[in-house]
Amino acid sequence: MKKFWFAGAALLAAVLFNGCATATEELFETDLPLAELEQRMRQAMDPDGRYAKAKTTISRQVVTTEYWLDEPKVEMVEVKFEQPSNFRWVTFEDNAPRFGIITNGDKDWMIDYSSRRVLTVDPEKRDLIERLRTLTRIADPGSRLSEIFPDIKVQLCRTGDGEFYKLTCRKSPESDSFNLYVGRDDYLIRRFNGTFTVGSSRRKLDYDARMIRYGMYEGVRIPSETEIISNGERQKSKIIFYQLDAKIDPSEFRPPVF
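About the cut-offs
- Residues numbered from 1 in each chain as written.
- Predicted model: local features only at pLDDT ≥ 70, side-chain atom pairs only at ≥ 80, totals over all residues.
- Heavy atoms only, no water.
- Core = buried A, V, L, I, M, F, W, Y, C linked by side-chain atoms within 4.5 Å.
- Buried < 20%, exposed > 50% of the residue type's maximum accessible area, 1.4 Å probe, protein only.
- Contact = heavy atoms within 4.5 Å.
- Helix = DSSP H or I, 4+ residues; strand = E, 2+ residues; numbered from the N terminus.
- Polar contact = N/O pair within 3.5 Å; in protein donor to acceptor, adjacent residues only side chain to side chain.
- 1 Å grid on protein atoms, 1.4 Å probe; cavity = no way out; pocket = protein on both sides within 12 Å on 5 of 7 lines; lining within 4 Å.
- Points joined across faces, edges and corners; volume = space filled by probe spheres on them.
- Nonpolar A, V, L, I, M, F, W, Y, C, P; charged D, E, K, R; others polar.
- Salt bridge = Lys/Arg side-chain N within 4 Å of Asp/Glu carboxyl O.

Peer 1: Can you break down the nonpolar core residue by residue, with the values?
Peer 2: By size, the foremost hydrophobic cluster in this structure holds 28 residues, and its most contacted members are Leu37, Met41, Tyr165, Leu167, Phe178 and Leu180. For Leu37, the residues in contact, after removing those within four places along its chain, are Leu32, Val154, Tyr165, Leu167, Val182 and Tyr187.

Structural data, given as C-alpha cells:
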C-alpha cells in the first residue's frame, strides 16, 4: 500500500453510494507509452520529489454534503499515513471524532467513536476498505498505476471539458473497469469514475469524481478542491491542512481502547 493523501472522505463516500454521470466522449489512439505518461504525471504532481522522499503525510479537509431540502452537512476529515502501510482516516463533526478506519500492516479496524466501539471487519467491509486503498493509491502523487492495475489501456479522449488521456484500468480481464482522465496539457488527474461490484451481495457501486482546482502544498501539487456526485448527492471537499514528514505517535495506528 502506497501513501494516501486527501481523498479519504470523498473517496469513501464515492465507494459507499451509487450514481454516476458520463459525458459524451470521442476516443482516439495514442503512441504515448504508459510508462512515459506515468513519469510525466509524477513530475507534474511532485516536481522536486518531496512526496517521494516523505515518510509520513497528514492532511485535513472540509467535506460538505449538499441535500435538496435539508441544510448541508459539514465534516472535517483527517488522514494520516506512515510508510510503508500504516493508515488512519477519521471523520469529525463539531470537533469530535465520529467514524474511522485504521490500517496497520495487514490489520484493519473500523471505529464508531459515537458508540465507542471497534467494529469487526467482515469480508464485505474488508472489500470496501480494499476499494478505498485502491482509490487512494491512484490519487497518490508517487503512485505507479501499472503496479495497481495490470491491465491499462491508454487513449486520447475529447469531451466538452477538453482533451485528456483516458486510462481504462482493470485488475483482471474479468474485473470492473476504472476510468482515469489525465489532462493532455498538464498531466494532472482531472476526473475518475467507474463501477465496482462489492461483496457477496454483488452490489454495483458507481461514482464520478472531478478535481476542480489544484494547489501546491509543501512542494507537492494536489487537488485542493474536489467534487463528487453520487446517488443524487453532491459532495465538495477542500484541503485546509497538508504536512509531510510530521511526527505521528505509533498509537495513532492502533484501535482506541474505550
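Peer 1: Give a detailed account of the environment of Asp46, specifying residues and quantitative values.
Peer 2: You can see Asp46 is positioned in the loop between helix 2 (34-45) and helix 3 (50-53). Sequence-wise, Asp46 and Met216 are 170 residues apart; in three dimensions their C-alpha atoms are separated by 9.5 Å. For Asp46, the contacting residues outside a window of four places in its chain are Tyr51, Ala52, Gly219 and Val220. Reaching out from Asp46, the side chain makes a polar contact with the backbone nitrogen of Arg50 at a distance of 3.0 Å. A distance of 3.0 Å separates a polar atom in the side chain of Asp46 from the backbone nitrogen of Tyr51.

Peer 1: Explain empty space enclosed by the protein to me, using residue names and the numbers behind them.
Peer 2: This model, assessed by the stated rule, comprises 3 cavities of 30 Å³ or more. In this structure, the second largest cavity spans a volume of roughly 60 Å³. Forming the walls of the second largest cavity are Glu38, Met41, Arg42, Met45, Ile138, Asp140, Ser143, Leu145 and Ile189. Considering every element that reaches the lining of the second largest cavity, the biggest residue donor is helix 2, with 4 residues. Considered class by class, the residues forming the lining of the second largest cavity number 5 nonpolar, 1 polar and 3 charged.

Peer 1: Tell me about the pattern of salt bridges, and name the residues and values.
Peer 2: Side chains carrying opposite charge are able to pair once their charged atoms draw close together. Applying the stated criterion to the full structure yields 19 salt bridges. Close ionic contact of Arg117 with Asp112 constitutes a salt bridge, the shortest N to O distance being 3.9 Å. Notably, a salt bridge pairs Arg191 with Asp208, separated by 2.7 Å at the nearest N-O pair. Here Asp208 lies in strand 12 (residues 203-217) and Arg191 lies in strand 11 (residues 189-198), a separation of 17 residues in the sequence. Among the charged side chains, a salt-bridge network with shared partners connects Arg60, Glu78, Lys80, Arg88 and Glu252.

Fair warning: the whole summary comes from geometry, so function is off the table for now.
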